[in-house]
Amino acid sequence: MERFVCGGNNLHAQLRPEMVEEMGIHSPEELHCRGEKLWQVAQALQKSGWVTLPFCNTLCSEGLGAHPSLSLEGARVREQPYQRIDELPEQLSLNFPRMEAMQQAMDRCGEAGLDMIYNVEGPFTILSSLVPMSRMFAALRKPQGEALLLRAEDWICQYSHMAMEHGARVLSFSDPVATVDILGSKVFEQNFLPSCRRLVVRLCRENPGVVLHLCGKLTQSLLDTQHALVTRWVPEKSVETYGETLWEFSQAHPQGGIVGHFCVNMLSAKRNWLYEIQL
């Protein structure tokens, strides 16, 4: 089996300036806070039968108090809103303009019969967008560390369920901060891995029929630490692209499933198989 190497594929990089101009989008706020414009962008970025919703990754953080910097290329949390763990909110808010615009865009996709992929970030990335990373790691070394991760898991499950209620068919799960290279094997196995397993179980249980697609960098870390098994799956129908393969898998598995070790930003790649993941 090949080793996954992230090529830095960025969905938002596919939104070229001339495309934005043709859509009549003149400001970041117009792009991010108007459901009609997000709907247009989602259609323009459609690949191999899938719509991958743009600009999802900072929405959960914003619902927890972060203030992302908006641009025509995306949104980024440049400064954490809290300095201490005890300042973190208990509840995730889903009522703010960007979230409402995203929900409107998803509803439009659903009405048009488009199959949607929605990006969801893991607990380490969410927490590191809210408090300085040094404070996060310090908290994880203390008895309160598990309670902190459980709270983050609740946020992520609430956010994911919202996406499913608005028509998402695939949840693309990643945690860019939580790789063995960044965390080291001890923190990865002792802190992240139990949280990741709990999340995977909850996301599948609370969203019946969901296909959970694990980021290639995440699955590579799980494989490197010998905490995952992968099985190659090939559809009965002849297909060419990874997106077509993913669609066939979702059709053949109405109960849902866990797949990964590749990238949903590469749906047009010539790849007529995928990997099922067992944690």
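Just so you know, the residues in each chain are numbered from 1, in the order the chain's sequence is written. For this predicted model, a pLDDT threshold of at least 70 governs which residues receive local features, and a threshold of 80 or more governs which side-chain atom pairs are given and counted, while totals over whole chains, interfaces and linings are taken from all residues. To get the side-chain values, take all heavy atoms of the structure and skip hydrogens and water.

Novice: Pulling in residues and values, what's your account of the pairing of strand β5 (residues 168–174)?
Specialist: With six of seven residues buried, β5 is to be regarded as a mostly interior element. For two strands to be treated as a pair, DSSP must find at least two bridges joining them. Under the DSSP-based scheme used, a helix requires at least four consecutive residues in state H or I and a strand at least two consecutive residues in state E, with every element numbered from the N terminus. Pairing of β5 with strand β6 (residues 211–215) involves four bridges; the strand directions are parallel. Residue Ser 172 lies in a different strand from β6, and its bridge partner there is His 213. Think of it in three bands: residues with accessible area under 20% of the maximum for their type are buried, residues over 50% are exposed, and the middle band is partly exposed, with areas taken using a 1.4 Å probe on protein chains only.

Novice: I'd love a proper account of the pattern of salt bridges, names of residues and values included.
Specialist: By definition, a salt bridge exists where a carboxyl oxygen of Asp or Glu is found within 4 Å of a side-chain nitrogen of Lys or Arg. Scanning the model with the defined rule gives 16 salt bridges in all. A salt bridge links Arg 198 to Glu 153, with the nearest nitrogen and oxygen atoms 2.7 Å apart. Of this pair, Arg 198 sits in helix α10 (residues 185–206) while Glu 153 sits in helix α8 (residues 145–165), and the two are 45 residues apart along the sequence. The exposure class assigned to Glu 153 is buried, which follows from its relative accessible area of 1%. What emerges from the salt-bridge pattern is a single network uniting Asp 154, Arg 202, Arg 205 and Glu 206.

Novice: So what's going on with α10? Which residues, and what values?
Specialist: Helix span is expected to be 1.5 Å times the residue number reduced by one. With 22 residues, α10 extends 30 Å from end C-alpha to end C-alpha; this agrees with the ideal 32 Å at 1.5 Å per step. Of all the residues in α10, the buried ones are Phe 188, Asn 191, Phe 192, Leu 193, Ser 195, Cys 196, Leu 199, Val 200 and Leu 203.

Novice: Pulling in residues and values, what's your account of unusual backbone geometry?
Specialist: Phi is positive for Phe 55, which is not a glycine, with a value near 65°. The residue Phe 55 is located in the loop between β1 (50–52) and α4 (59–62) in this model. Not every positive phi belongs to a glycine, and Gln 226 is a case in point at roughly 60°. Here Gln 226 is to be found in the loop between α11 (216–224) and β7 (229–233).

Novice: Lay out the sheet that holds strand β8 (residues 257–262) in plain terms, naming residues and giving numbers.
Specialist: One open sheet accounts for seven strands, arranged β1-β4-β5-β6-β8-β9-β7; its pairing is mixed. This sheet does not close on itself; its edge strands, each paired only once, are β1 and β7. Taken pair by pair, the neighbouring strands of this sheet meet at an average axis angle of 35°, ignoring direction. Alignment of β6 against β8, held across five bridges, turns out to be parallel. Across the sheet, Leu 212 pairs through a bridge with Ile 258, a residue of β8. Between the N-to-C directions of two axes lies an angle of 0 to 180 degrees, each axis being a line fitted to C-alpha atoms and, for a helix, fitted only over the stretch in contact.

Novice: Which residues make up the side chain of Ser 195, and what are the values?
Specialist: Counting through the fold element by element, Ser 195 comes out in helix α10. On the basis of relative accessible area, Ser 195 is assigned to the buried category, the value being 0%. Think of a polar contact as two N or O atoms within 3.5 Å of one another; within protein, one of them needs to be a possible hydrogen donor and the other a possible acceptor, and neighboring residues in sequence only count if both atoms come from side chains. Among the polar contacts made by the side chain of Ser 195, one reaches the side chain of Glu 153 at a distance of 2.7 Å. Here, residues are in contact when the closest pair of their heavy atoms is within 4.5 Å. Those residues in contact with Ser 195 that lie beyond four places of it in its chain are Pro 123, Leu 149 and Glu 153.

Novice: Kindly report on the state of the cysteines, identifying the contributing residues and their values.
Specialist: A pair of sulfur atoms, both from cysteines and within 2.5 Å, is called a disulfide here. Following the criterion strictly, the structure yields zero disulfides and no others. With no disulfide partner, Cys 109 has as its closest neighbouring cysteine sulfur the one in Cys 56, 10 Å distant. For the unlinked cysteine Cys 157, the closest cysteine sulfur is that of Cys 204, found at 10 Å.

Novice: Give a description of the side chain of His 166 that names residues and reports values.
Specialist: Here His 166 shows up in the loop between α8 and β5. Of note is the side chain of His 166, whose polar atom sits 2.8 Å from the side chain of Asp 107. Ignoring any residue separated from it by four or fewer positions in sequence, one finds His 166 in contact with Gln 103, Met 106, Asp 107 and Met 116.

Novice: I'd like a description of the nonpolar core, backed by residues and values.
Specialist: The set of buried Ala, Val, Leu, Ile, Met, Phe, Trp, Tyr and Cys residues whose side-chain atoms join them within 4.5 Å is what this entry labels a nonpolar core. Residues Tyr 118, Phe 124 and Tyr 159 are the most contacted members of the largest nonpolar core, which totals 78 residues. For this core, the element with the highest residue contribution is α8, accounting for ten residues. Not counting residues within four places of it along the chain, the set of residues in contact with Phe 124 comprises Met 136, Phe 137, Leu 140, Leu 149, Asp 175, Val 177, Ala 178, Leu 183, Val 187, Asn 191 and Phe 192. Membership of the second largest hydrophobic core comes to 15 residues, among which are Leu 246, Val 259, Phe 262 and Leu 267.

Novice: So what's going on with the packing of aromatic side chains? Residues and values would help.
Specialist: Any pair of Phe, Tyr and Trp rings, taking the six-membered ring for Trp, is counted once the centres come within 6.5 Å. Such a pair is stacked with planes under 30 degrees apart, edge-to-face with planes over 60 apart, and tilted for the rest. The tally for this structure, following the rule as stated, stands at six aromatic pairs. A centroid spacing of 5.2 Å and a plane angle of 90° characterise the contact between Trp 233 and Phe 249, whose relative ring orientation is edge-to-face. You can see Trp 233 sitting in strand β7 and its partner Phe 249 sitting in helix α12 (residues 242–252), a full 16 residues away along the chain. Neither Trp 233 nor Phe 249 differs from the other in exposure class; each is buried. An aromatic cluster is present here, built from Phe 124, Phe 137, Phe 188 and Phe 192 joined pairwise through their rings. In this structure, Arg 232 is placed above the aromatic ring of Trp 273, and the distance from its NZ or CZ to the ring centre is 4.0 Å. Two limits define a charge over a ring: the Lys NZ or Arg CZ must be within 6 Å of the ring centre, and within 35 degrees of the ring normal. Seen from the ring of Phe 262, Arg 271 lies directly overhead, with NZ or CZ sitting 4.0 Å from the centre.

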